[in-house]
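# Chain and residue survey
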Amino acid sequence: MTRFSFRLRFNMRLFTSVALLLLAAVGAWYWQSRGEMLRISFEPSVVAEVVETILQERVLTPPPLRVEVRSQAAELTSSGVFAYTNLQRIENTVSPLVLNAELSAAAEAKVQDMFAYQYFAHVSPTGSAASDFVKEAGYDFLAIGENLALGSFDGDQDLVQAWMDSPGHRANILNTSYQEIGVAVVEGMFEGKRTWVGVQMFGLPASVCPRPDVSLSGQIVFLKDEIARLQGELEILLPAVEDAKERRSSQAQALISQYNELVKAYNLNAAALQSAISTYNLQVEAFNFCLGG
């Protein structure tokens, strides 16, 4: 009986020792696993920068062409000026221009503005420039040019030839970038004399080169803000997680889980941002290439 009791006590001691060792091992594994979870930390992502577009409104406005005002002057027509302008392009192996109603409306508005305010320049006394008249007419453009002429000419061909004899106006007429044109020639009173004023409005429509997606640009801004918010929360939470782990607080596991969820959200947003920027940059490069061409 005594021997049995001794063996029982011995076995109980052995069992207790093994149990304690097991508990210690489990505890060590538990805290080590919590430490491993803590290593799933974030590093602020190095996010690619957004490529900026090189788009600027291209407006070519050579000095206005002014000739003598004679008492007897030939009749001028917008259709004739348009035809002779294209003839010059064809003779110089440049594609002819398409007559555009919005550009013609802008040219007409420019003529009437010059008569109304008695000026002969590319910028009105009110501050309106060629681009303003074109935009008010509803023409969305990548590039425009404006030729102005005032005085007496021996017909439409003579007016176009006068522009061709002027380097800046000739450059506009033969510019290979332009695809469309608007023309207005009007007779009216200028500085007390009856005279003709002619306007050519050249244009490269914006539709030629698809612009980068505006909504994608907005998404990039949103993702950057979201990442900044998450990073701020992570930086605030990390000291609390480390403190709870060090003290072996009962809240440690919950804090670590919260931290890791934030890390996961941060990484997902960072990946989405990288993808959005890459796509947007490709669109910008394509746009710039088209614009340059």
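Residues numbered from 1 in each chain as written. Predicted model: local features only at pLDDT ≥ 70, side-chain atom pairs only at ≥ 80, totals over all residues. Heavy atoms only, no water.

### Quick word on the pairing of strand 5 (residues 180–190)
In terms of burial, strand 5 is a largely internal element, nine of the 11 residues being buried. As defined by bridge partners, strand 3 (residues 98–99) adjoins strand 5 across two bridges and the pair is classed as parallel. Each bridged residue has a counterpart across the sheet, and for Val98 the counterpart in strand 5 is Glu180. Here 11 bridges tie strand 5 to strand 6 (residues 193–205), and the two strands are oriented antiparallel to one another. When the bridges of strand 6 are listed, Ala184 appears paired with Val199. Hairpin connection of strand 5 to strand 6: two residues between the antiparallel strands, including Glu191 at a positive phi of 50 degrees. (Buried < 20%, exposed > 50% of the residue type's maximum accessible area, 1.4 Å probe, protein only. Helix = DSSP H or I, 4+ residues; strand = E, 2+ residues; numbered from the N terminus. Pairing = 2+ DSSP bridges.)

### Side note on the packing of aromatic side chains
All told, the structure shown has one aromatic pair when counted by the stated rule. With 5.3 Å between their ring centres and 15 degrees between their planes, Tyr178 and Phe202 make a pair best called stacked. One end of the pair, Tyr178, is in the loop between helix 6 (167–173) and strand 5; the other, Phe202, is in strand 6, and 24 residues separate them in sequence. The exposure class of Phe202 is buried, given its relative accessible area of 0%. (Phe/Tyr/Trp six-rings, centres within 6.5 Å; stacked < 30°, edge-to-face > 60°.)

### Some words on the nonpolar core
Grouped burial of nonpolar side chains is what soluble globular proteins tend to show. If you look at the biggest cluster of nonpolar residues, it comprises 27 residues, and the most contacted ones within it are Val81, Leu142, Leu159 and Trp163. No other element matches helix 5 (residues 156–164), which puts five residues into this core. (Core = buried A, V, L, I, M, F, W, Y, C linked by side-chain atoms within 4.5 Å.)

### A word on the pairing of strand 6
Taking burial as the measure, the 13 residues of strand 6 include 11 buried ones, the bulk of the element. Of the pairings in the sheet, the one linking strand 4 (residues 141–151) to strand 6 comprises 10 bridges and is antiparallel in character. Paired with Leu150 across the strands is Val197, a residue of strand 6.

### With respect to helix 2 (residues 78–91)
Between the first and last C-alpha of helix 2 there are 20 Å, a value that for 14 residues agrees with the 20 Å anticipated at 1.5 Å per step. Of all the positions in helix 2, only Gly80, Val81, Phe82, Thr85, Asn86, Gln88 and Arg89 are classed as buried. Summarising the contacts, the buried residues of helix 2 are in contact with strand 3, helix 5, helix 6, strand 5 and strand 6. At the exit of helix 2 stands Thr93, carrying a positive phi of roughly 55 degrees. (Expected span 1.5 Å × (residues − 1). Contact = heavy atoms within 4.5 Å.)

### Quick word on the pattern of salt bridges
Taken as a whole, this structure holds eight salt bridges when the rule is applied. Linking Arg229 and Glu226 is a salt bridge whose minimum nitrogen-to-oxygen distance equals 2.5 Å. Taken together, the residues span about one helical turn, with Arg229 and Glu226 both in helix 7 (residues 214–246) at a distance of three residues. On the accessibility criterion, Arg229 (38% relative accessible area) is partly exposed. Residue Asp243 is joined to Arg247 by a salt bridge in which the shortest nitrogen-to-oxygen separation is 2.9 Å. Judged by relative accessible area, which is 37%, Asp243 ranks as partly exposed. Residues participating in the shared-partner salt-bridge network are Glu226, Arg229 and Glu233. (Salt bridge = Lys/Arg side-chain N within 4 Å of Asp/Glu carboxyl O.)

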